[in-house]
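This is what each chain is made of:
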Amino acid sequence: MKIGKNILKRFTDLPEATQDLRYLLDDVGVEVKRTETSDVGDVFTVELLANRGDHYCYAGIARELNGRTNAGVRLPQSTLLSLGTSPVPLSIQSDKCSLYSITELVRTADGDLDAQAKAVLTAAGLNSVTPPVDATNVANAELGQPTHAFDADTIVGSITVRESIAGETAWLLFTEEPTELPEGTLIIADDAKVLAVAGVIGCEESKSTASTTRIYLESAAFDPIAVRKGARSLSVHTDSSARFERGSDASLVLTGAGRVAQLMASAGWDVRGTTGQVGDWSDERRTIALDIPHAAAFLEYPLTPDTVRDRLGRYAFAVSPNYPEWAAEDGWIAPQSTQERSSDRNRNTLLVRVPPHRVWDVEFAADLYEDLAKSIGYNEMPEHLPPIDLGGVPTERQQNMERVEEVLLAGGFFEVFTDGFHGRELAEKAGVEEGHPLAAHVETENAMDRGYSLLKNNGLYQAVEAIGVNLRMRTDQVKAYEWTRTFHPTTDGGCDERHILWAICSGNASTPSWDGKGRPADAFFMKGLVANMAETLRLPLTIEHASEDEPLASLLHPHRQASIRLNGRVVGCLGEVHPTVLRGHKIKRARPVYMELCTDALAVSGARPTYVEPSANHPILRSLAFLLPTGVYADELAEHLRTTSPTWLDSVDIVDEFVLDRGRAVTFALSYSSDEGARSADEVNAVTEGLIGTVAAKYGDRGVELRA
Amino acid sequence: MAAPDVNAILSAFRAELDAVSDPKALDELRRKHTGKKSPLKLAFKDLREVPADQRSEVAAALNSARDQIETDVAAAVERVEQQAITDALDREWTDMTMPGVGTERGARHPLTVVERECLELLRRLGFSLVDGPEVETAFYNFDALNIPEHHPARDMQDTFWVKGGSLLRSHTTTVQARVLESRPSLPIRVASAGRVYRNEAVDATHLAMFHQLEGIWVDKGLTFAHLKGLLGFIARSLYGEERPIRFKPKFYPYTEPSIGVDLQCGSCAGAGCESCHGAGWVTILGAGMVHPKVFTQFGYDPDKVSGIAFGLGTTRMAGQWTGVKKIRSLYETDLRVHRALTGGAA
């Protein structure tokens, strides 16, 4: 909403400097988003609170400012309308309209609104249309009472407020043809047609034009939800609907129409006859008991009955005299809760009557505390921390996340965030089709952007997309990770959320430098990273042959992928991204490696290491190189050597690989303990020879042989 | 026999010493002039031939000559070795302006840094971290938080609806509702951080997904001053005592009174700029005293307990933390952006 400083000045006294006024508006909760200068002076674009329909006008903002400044509120002059015979038969056939009035005005001379009124339109950014339309817009901006002008000569028979029936249409203003209304829409109709969607918009067939000489001025109080439903179902949002949706002030129905009549008088329009009004609205006189000591304690601010009366009175609340006067006066009816209280407590209680424009947001004593605080100023209120006892410690999961991050950061990875959803095209780029384990998604149904249609069920799509983004920017060295969650549809139509960590890398394992290119960030680099994580976490995370059940399996290189397991359970996977997926993203010059880990694994406490005294004797080392044909795994052989050796073989490590024409030569380093006393070289050699024999016996048929 | 010519011995040694420039030759020179067959040793052997009245004087002269040779050789060794080191170093001249070598360290996302800072502050106040689902029900996202259907407040949070009737949470306040529903014993002090979603057109400053951090403190006797104290503690701890903050009225359906905290814009020091939309201030968090209806919803008596609830816009806070003007940048996967945001440091 836009408000002009010079216009607001008509309603209450303001700080002179625009910057000071802006600060004051912010300080009372009328947030200024923008300031600009126009023909009518400085204009503020303000963001209003969603529960304060009464702020949608100059009078409301002035009243809010008055709550702080106590400078008084000046309302514009209104023609005093007399209720009586309606110029047209009126009826309400819905409980969603509590008051409806029609006033007839006739054009007696050609004219226009005065400059002050026009300035209101200019500040609001509204164009001048005709005096009746302009006057309704001005009055709404000034007082917050939407009104509407029908061309009286287009009205057939009576005017009725009712709900639309199935198939009923309305030719809405500014549209080319009639629109079918949802059944139950609150409308204004005559005997032949729909005149308006209540509180939202008028219709072409009854609109006032430059040639109109007689109007029926509508002023009413409509149910907020009915107006909101009407506006939303038609996707039509107007100043009027914004006001009604937040709850209008039924006590303004006549005053608002009177203000329109006052404005139109200067344009040559006169009220004819009396105003017709139907409806059963009456001020409910909502009363709230305000316990002064409780309010003072809650706000930690000294309050007396007099200060409460003063401050709430500025916002137009009526505040009772002290107890027991209010109990004795007819005008004050205490709420139930107060009636049940002891007189001791009532002695400290005031009754506060809520004005009609605040019944939509003031229901509890806490609501009044807010107004008291606003009147004093939030920045003037006391401020201190509550009493505090000992703080907590991070959970195992939080600590483990940070430990894992340290491994990733040391490895050169940057944390990124991707959206929780993506478009279908990402699944298509990965080649995922119906029947694939990743084909099932939780889907959004009203996303404004097609890119948000599927909730992600893996991290790989967006990780590979990130690689593409960076390659296009000529960033070849990419290491990125994300803590995120994936969403998986359940058979009962629900959603299973899983927390994951993904990491992707492309380029070199270490940062390339001028002294050499270094090794590529390949699957072994990622494997090493996971091994580091396992060591840091002291968790038995192992990397084993790929699981056949891994949903990501087909998106990774068939021979360069592995499963990550915790105590034998698959908790993740890693591997080189499948060239088909890369082709889908038009990535040609990179072979990124991806890792995904279910972070439930991180909720587990790692085992504390047990100290084992290092041997005082140096180990006895031997190396064995075997020729391994394709299909025979090195770790298979290493495990065989471990299990078939005597207990004094401390370790078997794979230390080298050399690719030959007829296979790979893999070197195993064997470390024997000499703790039992001096072992002879012959003894160690005999054991080593024995191991060679067992390998030949078990793997000879598969082509494994000792490399000479 | 005449006394040996000690000066001649020394002169001969020194003449040779000056010509020697490597440690090995120096060692040979030392052996030549102090070894078994050296003139000096021979002179010692011949000492008995020297008349008795001169013998002690000659012996002293020979000892002195030997000491001088040893001293001179040691000094020459030091000089030569030092020279050798100097020469070697000169040969190893290196252009140290060449870049360092090693693995570049990565970095945590600024959002994570801000979030962790906040959580650490809250932990000091006794808060513990809880988690909640991102795919939520309308009950926890709206109804339980005093946002009934058709209330305009629902417009504040354009919602992504998920097929099947659920929605993507539009705020982390859902976790508060779940915590209150579980009725833990007082005091309740929990925080929750994570992604939230808004179904709106994305531009440089509006996102369909961003981050929030939510907290709730429920106990007997909590006041508005406590609310301000807590919010001020968080804001000043993060941004420094000297950075101005201000409190202002806000509206959230689940709190009453509601309050917002503005931080003076770090980009313009309050003068108004693009990142603060000319306001000079940036709202970093919204909060309030827990609404009586929320308490009633979950069976608490609002006359007996009170609560502080707050939500930190960690995305916006990270924007102020880093100085980034368009918060969309925080969600880029272009690592050039991240290097620029973090300086490569976590």
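Residues numbered from 1 in each chain as written. Chains lettered and ligands numbered in written order. Predicted model: local features only at pLDDT ≥ 70, side-chain atom pairs only at ≥ 80, totals over all residues.

Novice: It is not clear to me how the overall build of chain A should be interpreted in this structure. Could you clarify?
Specialist: Looking only at helices and strands, chain A features 21 helices and 30 strands. Seen through its C-alpha atoms, chain A measures out along the principal axes to roughly 125 × 65 × 50 Å. Buried residues in chain A amount to 44% of all 708 residues. In chain A, 71% of the contacts between residues at least 6 apart in sequence involve partners at least 24 apart. (Helix = DSSP H or I, 4+ residues; strand = E, 2+ residues; numbered from the N terminus. Buried ≥ 20, exposed ≤ 12 C-beta atoms within 10 Å, placed from the backbone. Contact = placed C-beta atoms within 7 Å.)

Novice: What is the right way to read the overall build of chain B from this model?
Specialist: Looking only at helices and strands, chain B has 11 helices and 10 strands in total. Scaling as 2.2 N^0.38, a compact globule of 346 residues should have a C-alpha radius of gyration of about 20 Å, whereas chain B reaches 42 Å, well beyond that. Projected onto its principal axes, the C-alpha coordinates of chain B cover approximately 130 × 45 × 45 Å. Relative to its 346 residues, chain B shows a buried fraction of 43%. (Rg over C-alpha atoms; globule rule 2.2 N^0.38 Å.)

Novice: I'm lost on the domain arrangement of chain A in this one. Help?
Specialist: One frequent convention defines the size of an interface as the accessible area lost when the parts assemble. Splitting chain A by domain gives domain 1 (2–69), domain 2 (90–278), domain 3 (287–380), domain 4 (396–603) and domain 5 (620–706). Using C-alpha coordinates to define each centre, domain 1 of chain A is positioned 84 Å away from domain 5 of chain A. (Domains from an automatic or database assignment.)

Novice: Whenever I open this one, the packing of helix H2 (residues 23–34) of chain B against helix H4 (residues 52–91) of chain B confuses me. Can you help?
Specialist: Packed helix pairs are specified by the crossing angle of their axes together with the interaxial distance, meaning the distance between the axes. Residue and element names in this part refer to chain B. Running from amino to carboxyl end, H2 crosses H4 at an angle of 175°, the nearest separation of the two axes being 10 Å. As judged from the angle between their axes, H2 and H4 are roughly antiparallel. For the pair H2 and H4, the contacting residues are Pro-23, Leu-26, Leu-29, Arg-30, His-33 and Thr-34 in the first and Arg-66, Ile-69, Glu-70, Val-73, Ala-76, Val-77, Val-80 and Glu-81 in the second. In the contact of H2 with H4, the residues fall into 8 nonpolar, 2 polar and 4 charged. (Axes fitted to C-alpha atoms, helices over the stretch in contact; angles between N-to-C directions. Parallel < 35°, antiparallel > 145°, perpendicular 65-115°, else oblique. Nonpolar A, V, L, I, M, F, W, Y, C, P; charged D, E, K, R; others polar.)

Novice: What am I meant to see in the interface of chain A and chain B here?
Specialist: Contacts between the two partners involve 84 residues from chain A, matched on the other side by 72 residues from chain B. The dominant element in the side of chain A that touches chain B, judged by the number of residues it contributes, is helix H14 (residues 365–376) of chain A, at 6 residues.

Novice: So what exactly am I meant to see when it comes to the sheet that holds strand S2 (residues 31–38) of chain A here?
Specialist: Across a sheet, paired strands are connected by hydrogen bonds in the backbone, their directions being either parallel or antiparallel. Residue and element names in this part refer to chain A. If you walk across this open sheet you meet the 3 strands as S1-S3-S2, and the pairing is antiparallel. A strand with exactly one partner marks an edge of an open sheet, and here the two such strands are strand S1 (2–4) and S2. Across the sheet, the mean angle from the axis of one strand to that of its neighbour is 30°, orientation sign disregarded. The sheet contact formed by S2 and strand S3 (residues 41–47) spans 7 bridges and is antiparallel. Bridged to Ser-38 within S3 is Gly-41. Packing against the sheet, helix H4 (residues 115–124) makes contact with S1, S2 and S3, and its axis sits at approximately 140° to S1. (Pairing = 2+ DSSP bridges.)

Novice: Can you walk me through the sheet that holds strand S24 (residues 556–566) of chain A in this structure?
Specialist: Residues and elements named next belong to chain A. Read across the open sheet, the 7 strands follow the order S18-S21-S22-S26-S25-S24-S23; overall the sheet is mixed. Strand pairing shows two members of the sheet lacking a second neighbour, strand S18 (414–415) and strand S23 (541–545), which therefore form its edges. Where strand S25 (residues 569–577) and strand S26 (residues 593–598) come together, 5 bridges link them in antiparallel fashion. Paired with Gly-572 across the strands is Leu-597, a residue of S26. The sheet contacts of helix H17 (residues 460–472) involve strand S21 (478–489), strand S22 (495–506), S25 and S26, and relative to S22 the element is tilted by about 30°.

Novice: Help me understand the environment of Thr-418 of chain A in this model?
Specialist: Among the structural elements, Thr-418 of chain A can be located in the loop between S18 and strand S19 (421–422). Note: C-alpha distance between Thr-418 of chain A and Trp-483 of chain A (65 residues apart in sequence) is 9.6 Å. Excluding its chain neighbours within four sequence positions, the residues that come into contact with Thr-418 of chain A are Gln-462, Glu-482 and Thr-484 of chain A together with Thr-333 of chain B.

Novice: Can you help me understand the domain arrangement of chain B in this one?
Specialist: When cut into domains, chain B gives domain 1 (6–91) and domain 2 (110–342). A C-alpha centroid distance of 87 Å is found between domain 1 of chain B and domain 2 of chain B.

Novice: Sorry, what's going on with H2 of chain B here?
Specialist: At 3.6 residues per turn, the α-helix brings residues three or four places apart onto the same side. Residues and elements named next belong to chain B. With 12 residues, H2 extends 16 Å from end C-alpha to end C-alpha; this agrees with the ideal 16 Å at 1.5 Å per step. For H2, the full list of buried residues reads Leu-26, Arg-30 and His-33. What you see down the axis of H2 is that its buried residues fit within an arc of 80°, all on one side. Packed against the buried residues of H2 are helix H1 (6–17), helix H3 (39–45) and H4. (Expected span 1.5 Å × (residues − 1). Arc of directions from axis to C-beta.)

Novice: Would you mind showing me how to read the pairing of S26 of chain A here?
Specialist: Regular strands show a simple pattern: their side chains alternate between the two faces of the sheet. All names here are of chain A. A large share of S26 lies buried, amounting to 5 of its 6 residues. Of the strand pairs in this sheet, S22 and S26 are connected by 6 bridges, and their pairing is antiparallel. Opposite Leu-501, over in S26, you have Leu-597 as the bridge partner.

Novice: How do you make sense of H4 of chain A when you look at a structure like this?
Specialist: All names here are of chain A. Listed as buried for H4 are Ala-117, Ala-119, Val-120 and Ala-123. Projected onto a plane normal to the axis of H4, the buried residues spread over an arc of 155° and lie on a single side. Tucked into the core, H4 has its buried residues touching S1, helix H1 (5–11), S2, S3, helix H5 (131–143) and helix H8 (253–265). Phi for Gly-125, located one or two positions after H4, is positive at around 80°.

Novice: What am I meant to see in the pairing of strand S5 (residues 97–107) of chain A here?
Specialist: Inspection of the sheet shows S5 of chain A paired to strand S13 (residues 214–222) of chain A by 9 bridges, in the antiparallel sense. Each residue of the ladder has a partner; that of Glu-104 of chain A, found in S13 of chain A, is Tyr-216 of chain A.

Novice: What's the story with the packing of helix H10 (residues 305–314) of chain A against H14 of chain A in this structure? I'm lost.
Specialist: Residue and element names in this part refer to chain A. Between H10 and H14, whose axes approach to 9 Å, the crossing angle comes to 90°. What the angle tells us is that H10 and H14 run roughly perpendicular. Across the interface between the two elements, Val-308, Arg-311, Leu-312 and Arg-314 of H10 pack against Leu-368, Asp-371, Leu-372 and Ser-375 of H14. In terms of residue class, the contact of H10 with H14 is made up of 4 nonpolar, 1 polar and 3 charged.

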